Amino acid sequence: MLVGAAPGVGKTYRMLDEGHRRAARGTDVVVGAADCRGRPHTEALLDGLELLGHRDDAAFGRPADGHGGFDLDAALRRRPGLLLVDDLAHTNPPGHRNARRWQDVEELLSAGVDVLTTIDVQHLESLSDVVETITEVPPGDGVPDGFVRGADQIVLVDVDPEDLRRRMAHGNIHPPEMVDAALASWFRPGNLTALRELALLWVADQVDDALRRYRTEHGIGGIWEARERVVVGLTGGPEGDTLIRRAGRIAARSARGELSAVHVARGDGLAAGASSTALARQRRLVESLGGSYHTVVGEDVPTALLDFARAGNATQLILGTSRRGRFERFLTGRGIGETTVSLSGGIDVHMVTHERAGRGRLLPTRRRTLPLSRRIAGPLAGVVLPVLLTLLLDRVRGSIGLTSEALLFLLVVVGVACIGGVGSALVAAVTASLLLNYWFVPPIGAFSFEDTDSVLALGVFVVVAGAVAAVVDRSLRLSRRAASATAEAETLSALAGSVVRGEHTVPDLLARTRETFAAHAAELTDHPVDDPTASQVTMGDGSYLVLRGCTLPAADRRVLTAFAAHLMAAVERARLAEAAAEAETAKAADRMRTALLAAVSHDLRTPLAAGWAAVASLRSPDVDFTPEEQAELLATADESMARLSRLVDNLLDMSRLQAGALTLDLRPTAWEEVVPAALDGLPDDAGRRVSLQGLEEAPLVLADPPLLERVVANLVANAVRHSPPGHPVLLGASTLAGRVELRVADRGPGLPPADRERVFEPFQRLGDTDNTTGVGLGLALARGLTEAMGGTLTPEDTPGGGLTMVVTLPCAHARTQGVPVPTEP
């Protein structure tokens, strides 16, 4: 299977060349279909190869000359060793057994015939929507990716986009009459570059899939160093930044090296000692180095790390040395790093030292999580509830046994644990054991510690009750922490997303902060407030975020700090945007003022002086002019005044555009309505140096006719001024994706890419040698008027040399027009 990024990259040539190579090695090769498009070098490769009889495919403009259609039945009868079938995405004509050529190939493969075929990336079904977004042209019916991936070999035929455009300009892909439209639409440099990247990535994915499939089929669990893949393990500790940078340097030393970072979270999602803030910062650092960040869940950290590394075919694993001290390592045994090294197998494990190595863990301090009321009610319940249960059981004495009574006391202990935690549960367990011994263990009414079995049973009861209470208390605490962490994460994620997308201004964020914390008011102040009912945090710029009417616990203050950080970013962004807008406005005004003074002082004075001199000569009593001389002077005065009028009109139109005071009358407009009038209004013989192409076939556009006439006149005047004598300016129109493109092409010196935006700035005359031709407003005004009518004006290279100005306007009545999608060359 030969895959190309676009038509013209050479897939057909490569297919036929491979056919000759296989035939020279003794393979029975037959050409089933080869779309040579009249290219002599490609057609020459057909010589020496057997051609299959073809079905008439005249409906597609390809007569049965041995170069277009495909006869499936003849191929099945012939059954060659290798059949060459071009253009896998081709649609068969009516009456053919299969609708698509790829279905023909599928039938051939089922019959045992080997096939070499070609396809463009635009026809892959999974990429059709992406290609349409890039090119603005629907690619037509696609070929299922699964069918293409089933090929034994997939080879990319690759060509640089500029080389491909040169092939097109030289007529090696499409006929000359289609070259300009193709270069302006499908074969734009950006389109070709994006399609090339799509093809490269798609083929690279197939190579990786093939490698994984081979390793799986052959039971290969070792690491194959096809490319350097570096994985860094993160704990959320302060050493993470050091590890990431070290891993990034290792990955950067290898061509196409990949960097991945992974954090192993516990199954309950509450990894001890992990800082979510540090992990978020480290994630940003990894992504800034071009790597990817991952979180995996696992109770056994070394196993989870190695499973992740092996799944990604990683070659190196970067870990930090242990933060535990010597005594702690002596008590707890081998750490994560040592265990990972012993289990790593073919993966190189680097233990990187850091400033926290051996200094002990950074464990979070324990904080009380229960409110004061429950801390008081818990111990009281631990005493009162067992007593109440004893009174209840005393009334039903004899109806239930000692075992059931003990279980009921155990249930009370669990209930107390839910109220006041482990400490309260221990109080309840001791109270319950004493009451059981006094009221329910013989001799009743007295404490008995002489019976060993009774003492052991009561001791076990206390231990079991305490253990169960501890488990229940821990579960409740973890549940509360998980719910709190989830709520915080959702709140901060929504806030961060809205800030990044720029959806909220500072007042909106303050209102959201007030609503989140149920405060009476939220405000930014320059100094702290003396209000015992307010909560406040310091922002990075020295100001304070104050919440009035609520006192937040320490856990919520952490979230409030995050809100303050986002608010500070929003404030700073608003300040920068305001300053940038003010600066840009001032700079633009200054540039306009300077340029306008220069234009008024020189360019406007030139035609005024010429006209004034002509009129003054005519009025002079000292000279007698012949009628011919008088007519010449009058023509000079008329031409000068006309030029002055055009300059003043351009200045006025530009000022209206910049002030937003231009009135539009958009209606369906024919090019024949505006182009002749624009050419007639050009000075001298400029209109006679223009060649018109395709204007009659172009659909109506939605435009303001007088303004569109000004646009065309300015563009043609600029093109005529730069075209050398004997080279007419080409004025043509074509359609693309519901829009009409008017192309004004000259054969002048062109413009370097760096100057293509500067040429549209007011009072710019790049490349002009004649300072009497105007004030440099023509192109700036043309772009401004075009954009005011909902269109665009962009410069492009003219194939063969020169500059092409492309005016793009929407079709009237929303009619969808487009250049046909190119097919396989």
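Residues numbered from 1 in each chain as written. Predicted model: local features only at pLDDT ≥ 70, side-chain atom pairs only at ≥ 80, totals over all residues. Heavy atoms only, no water.

**Re empty space enclosed by the protein**
The line we're drawing: Cavity: a set of points on a 1 Å grid over the protein atoms alone where a 1.4 Å probe fits but cannot get out. Pocket: an open set with protein on both sides within 12 Å along at least five of seven lines, its lining residues, like those of a cavity, having an atom within 4 Å of a point. Grid points are joined across faces, edges and corners, and a volume is the space filled by probe spheres set on the points. Counting from the N terminus, the helices are DSSP H or I runs at least four residues long and the strands are E runs at least two residues long.
Here the structure, examined in full by the defined rule, presents 4 cavities of 30 Å³ or more. There is about 50 Å³ of room inside the second largest cavity. Around the second largest cavity, the lining residues are Ala-5, Ala-6, Val-9, Asp-158, Val-159, Pro-161, Leu-164, Leu-192 and Arg-196. Going through the elements one at a time, α7 (161–169) and α9 (189–217) are the ones with two or more residues in the lining of the second largest cavity.

**Quick word on the environment of Leu-779**
Definition in use: Between buried and exposed lies partly exposed: a residue is buried under 20% and exposed over 50% of the maximum accessible area for its type, with that area taken using a 1.4 Å probe on protein chains only. Only heavy atoms matter for contacts: two residues are in contact if any of them lie within 4.5 Å across the pair.
Position of Leu-779 relative to the elements: it lies in helix α24 (residues 778–788). Its relative accessible area of 9% is what places Leu-779 among the buried residues. Considering only alpha carbons, one finds Leu-779 and Asn-718, 61 residues apart in sequence, at a separation of 7.9 Å. Leave out the neighbours within four places in its chain, and Leu-779 touches Leu-715, Asn-718, Val-759, Phe-760, Leu-793 and Met-805.

**Side note on a positive patch on the surface**
We apply this condition: Residues form patches when they are more than 30% accessible in relative terms and have no salt bridge. Like charges link within 9 Å. Nonpolar side chains (Val, Leu, Ile, Met, Phe, Trp, Tyr) link within 5 Å. Using the Shrake-Rupley algorithm and a 1.4 Å probe, accessible areas are obtained, with residue cover drawn only from the displayed protein chains. Salt bridge, as used here: a side-chain nitrogen of Lys or Arg that lies within 4 Å of a carboxyl oxygen of Asp or Glu. None of His or the chain ends enter the tally, which takes Lys and Arg as positive and Asp and Glu as negative. One atom stands in for each charge, and that atom is NZ of Lys, CZ of Arg, CG of Asp or CD of Glu.
A surface patch of positive charge is lined by Arg-245, Arg-246, Arg-249 and Arg-253. You can see Arg-249 is positioned in helix α10 (residues 240–252).

**Details of the nonpolar core**
Which entries qualify depends on this criterion: To qualify as a nonpolar core, a set must consist of buried Ala, Val, Leu, Ile, Met, Phe, Trp, Tyr and Cys residues joined through side-chain atoms within 4.5 Å.
Within the largest apolar cluster, 60 residues are counted, with the highest numbers of intra-cluster contacts made by Leu-16, Phe-70, Leu-84, Leu-88 and Phe-187. Per-element accounting of this core gives the leading share, 6 residues, to α9. Dropping the residues within four chain positions of it, Leu-84 is found in contact with Met-15, Leu-16, Gly-19, Val-29, Val-30, Val-31, Gly-32, Ala-33, Leu-49 and Leu-116.

**Some points on the pattern of salt bridges**
Within the structure shown, the criterion is met by 21 salt bridges. The salt bridge partner of Arg-283 is Glu-287, with a shortest N-O separation of 3.3 Å. Remark: Glu-287 and Arg-283 occur in helix α11 (residues 276–288); sequence separation between them is 4 residues, near one turn of the helix. Overall, the relative accessible area of 40% leaves Arg-283 in the partly exposed class. Glu-287 gets classed as partly exposed once you look at its relative accessible area, which sits at 44%. Of the charged contacts in the structure, one is a salt bridge between Arg-743 and Glu-741, with a shortest N-O distance of 3.5 Å. Each member of the pair Arg-743 and Glu-741 is classed as buried.

**Description of the confidence of the model for the protein chain**
Selection rule: Values of pLDDT, which run from 0 to 100, indicate the predictor's confidence residue by residue.
Taken over all residues, the pLDDT of the protein chain has a mean of 76, while the share at 70 or more is 75%. Put simply, helix α13 (residues 326–332) is where the protein chain has its lowest mean pLDDT, 60, and strand β5 (residues 115–120) is where it has its highest, 93. Note on residues 55–68: pLDDT is under 50 here. Beyond four places in sequence and across chains, it has 27 contacts. Between residues 814–825, whose pLDDT stays under 50, and residues either more than four places distant or in other chains, the model counts 46 contacts.

**What about the pairing of strand β10 (residues 316–320)?**
This is how the line gets drawn: Any two strands between which DSSP finds at least two bridges are classified as paired.
Burial runs high along β10: 4 of the 5 residues are buried. With 3 bridges joining them, strand β7 (residues 229–234) and β10 adopt parallel strand pairing. In the sheet register, Val-230 faces β10, and the bridge partner there is Gln-316. Bridge count between β10 and strand β11 (residues 348–352): 5 bridges; the pairing is parallel. Residue Gln-316 lies in a different strand from β11, and its bridge partner there is Asp-348.

**Brief notes about the packing of α7 against helix α8 (residues 176–184)**
Stated precisely, the cut-off is as follows: Inter-axis angles, ranging from 0 to 180 degrees, are taken between N-to-C directions of lines fitted to C-alpha atoms, where helices are fitted over the stretch in contact. To sort the angles, those under 35 degrees are grouped as roughly parallel, those over 145 as roughly antiparallel, those from 65 to 115 as roughly perpendicular, and the leftovers as oblique. The residue classification treats Ala, Val, Leu, Ile, Met, Phe, Trp, Tyr, Cys and Pro as nonpolar and Asp, Glu, Lys and Arg as charged. All others, Gly included, are polar.
One can describe the packing of α7 onto α8 by two numbers: an axis separation of 9 Å at closest approach and a directional angle of 155°. Here α7 is positioned roughly antiparallel relative to α8, judged by the angle of their axes. In this structure, α7 contributes Arg-165, Met-168 and Ala-169 to the contact, and α8 contributes Val-179, Ala-182 and Leu-183. Its residues assigned to classes, the contact of α7 with α8 comprises 5 nonpolar, no polar and 1 charged.

**Focus on a nonpolar patch on the surface**
On the surface, a nonpolar cluster with roughly 900 Å² of combined accessible area is contributed by Leu-372, Ile-376, Leu-380, Val-383, Val-384, Leu-385, Val-387, Leu-388, Leu-391, Ile-419 and Val-427. Top element by residues in the nonpolar patch is helix α15 (residues 372–395). It accounts for 9 residues. Assignment of secondary structure puts Val-384 in helix α15.

**Focus: the sheet that holds strand β21 (residues 803–810)**
As summarised here, the arrangement of the 5 strands in space is β16-β18-β19-β21-β20, forming an open sheet in which the pairing is mixed. Each edge of the open sheet is held by one strand with a lone partner, namely β16 (690–693) and β20 (792–797). In this sheet, neighbouring strand axes are inclined to one another by 20° on average, regardless of whether the strands run parallel or antiparallel. Examined bridge by bridge, β16 and strand β18 (residues 729–736) share 4 bridges and lie parallel to one another. Counterpart to Val-690 in the pairing with β18 is Val-729. Sitting on the sheet, α8 touches β18, β19 (739–745) and β20, and the angle it makes with β19 is about 115°.

**Let's talk about the sheet that holds strand β3 (residues 50–51)**
On the basis of which strands lie adjacent, the open sheet formed by 6 strands has the order β3-β2-β4-β5-β1-β6 and parallel pairing. Each edge of the open sheet is held by one strand with a lone partner, namely β3 and β6 (155–157). As paired elements, strand β2 (residues 29–33) and strand β4 (residues 82–85) share 4 bridges and run parallel to each other. Following the sheet pairing, Ala-33 is matched in β4 by Val-85.

**Regarding helix α1 (residues 11–24)**
Inclusion rule: A helix is expected to span 1.5 Å multiplied by its residue count minus one. This arc is taken over the directions from the axis of the helix to the C-beta atoms.
Helix length check: α1 (14 residues) gives 20 Å between terminal C-alpha atoms against 20 Å at 1.5 Å per residue, within 8%. Here α1 has its buried residues at Lys-11, Thr-12, Met-15, Leu-16, Glu-18 and Gly-19. Buried residues of α1, seen end-on, are gathered within an arc of 155° and therefore sit on one face of the element. Looking at the buried positions of α1, the neighbouring elements they touch are β1 (2–4), β2, α2 (40–44), β4, β5 and β6. Gly-26 sits one or two positions beyond α1 and adopts a positive phi of about 100°.

**Quick look at the side chain of Thr-798**
Secondary-structure assignment places Thr-798 in the loop between β20 and β21. On the basis of relative accessibility, which here comes to 7%, the residue Thr-798 falls in the buried class. Each residue touching Thr-798, except ones within four places of it in the same chain, is listed here: Ala-745, Asp-746, Arg-747, Leu-803 and Thr-804.

**Some points on unusual backbone geometry**
A negative phi angle characterises most non-glycine residues, just as the trans form characterises most peptide bonds. The backbone of Arg-79 sits at a positive phi, close to 50°, despite the residue not being glycine. Of note, Asp-87 is a non-glycine position whose phi angle comes to about 60°, a positive value. Within the secondary structure layout, Asp-87 lies in the loop between β4 and α4 (101–110). With relative accessibility at 7%, the residue Asp-87 sits in the buried group.

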